[in-house]
Amino acid sequence: MLAAGRSSTRPYRGVFPVAPTIFDDSGRLDLEGQKRAVDFMIDAGSDGLCILANFSEQFLLRDEEREAVMTTVLDHVAGRVPVIVTTSHFSTEICAERSRRAQDAGAAMVMIMPPFFGATLRVSEPGIYEFFRRVSDAISIPIMIQDAPMAGTSLSAPFLARMAKEIGNVSYFKIEVAGTAAKLRDLIALGGEAIEGPWDGEEAITLMADLDAGATGAMTGGAYPDGIRQIIDPYFVGDREAAAAAYERWLPLINYENRQCGLSAAKALMKEGGVIGSEAVRHPLQPLHPETRKGLIEIARRLDPLVLKWGR
């Protein structure tokens, strides 16, 4: 197993996968399964974790369920690795309150998307700036801005760099839009030391290009942090050839997760390996087609990830 926890203090670096939210077959929270998922992810070499993200089905959870997942995970992790809590909400007040609660419960960082609702309701740059300023004023831990297509909001590199320089806790950026590497380069050049964490996302499908652009962290799916570590670890010690070779090995699985399975991939692999008892997603999300699931497991078995044997 890989050693975890190398990023226990700032600046946070490395592999911080998104933990799926675990349900039983009837759709209820399975908090014991949640703990097992977290233990597996740490054993597999995660430098930290992210909970309640979009890949955690956060948009399908009631407020009391969010609270239960957050407190269960933070109490169970007990400082073994840093935990990022996603606190996104359209309301500035609710986002700030969620962020305060996460900080008080022991979160190392909060991750937040710019405010949006539905396909058309967006906020202008002055509103976004004030949103993040007010949330920052409510807490004392870092904020990671999630720059993702789901928000439908254009966040230019100059605007992100300006917020990093002017808003105290805005210091990490998960970039997962088209042309991520170019945007990371621009952001780092414009923001300088204010950019504490330029990170890659989108299941690491563009990881090598993003590392070359200066990314220092990767927020991936939760099923194979050991595989992502095989890419990042050699890269960070200067062995780009070994990193590229590992990227080539793991890219078919990364691609299959990103393009075929989405958030169901981690649960399917964890269920296959005995980590969790159910891979259920919440309705109206649909389970993987059996043939899609079969293809996922076939690709994964060629790579022998810990997830397929941890619970056996």
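As a starting point, this report considers the structure included with it. (Residues numbered from 1 in each chain as written. Predicted model: local features only at pLDDT ≥ 70, side-chain atom pairs only at ≥ 80, totals over all residues. Heavy atoms only, no water.)

### Considering the overall build of the protein chain
Across its full length, the protein chain carries 11 helices and 10 strands. With the principal axes as the frame, the protein chain shows a C-alpha extent of 50 × 45 × 35 Å. Taken across its 312 residues, the protein chain has 59% of its residues classed as buried. Of the roughly 12600 Å² that the protein chain leaves accessible, carbon and sulfur atoms contribute 51%. Side-chain charges in the protein chain split into 33 positive and 41 negative, and the spacing between the mean points of these groups amounts to 2 Å. (Helix = DSSP H or I, 4+ residues; strand = E, 2+ residues; numbered from the N terminus. Buried < 20%, exposed > 50% of the residue type's maximum accessible area, 1.4 Å probe, protein only. Areas by Shrake-Rupley, 256 points an atom, 1.4 Å probe, with all protein chains shown as cover. Lys, Arg positive; Asp, Glu negative; His and termini not counted. Charge placed at Lys NZ, Arg CZ, Asp CG, Glu CD.)

### Considerations on the pattern of salt bridges
Following the criterion strictly, the structure yields 25 salt bridges and no others. Residues K35 and E32 are paired through a salt bridge, measuring 3.2 Å at the closest nitrogen-oxygen approach. Within this pair, K35 and its partner E32 are both found in helix 1 (residues 31–43), separated by 3 residues, close to a single helical turn. On the basis of relative accessibility, which here comes to 27%, the residue K35 falls in the partly exposed class. For the salt bridge of R133 with D137, the shortest nitrogen-to-oxygen distance reads 2.6 Å. On the criterion of helical spacing, the pair formed by R133 and D137 is a turn pair, its members being 4 residues apart in helix 4 (residues 125–138). (Salt bridge = Lys/Arg side-chain N within 4 Å of Asp/Glu carboxyl O.)

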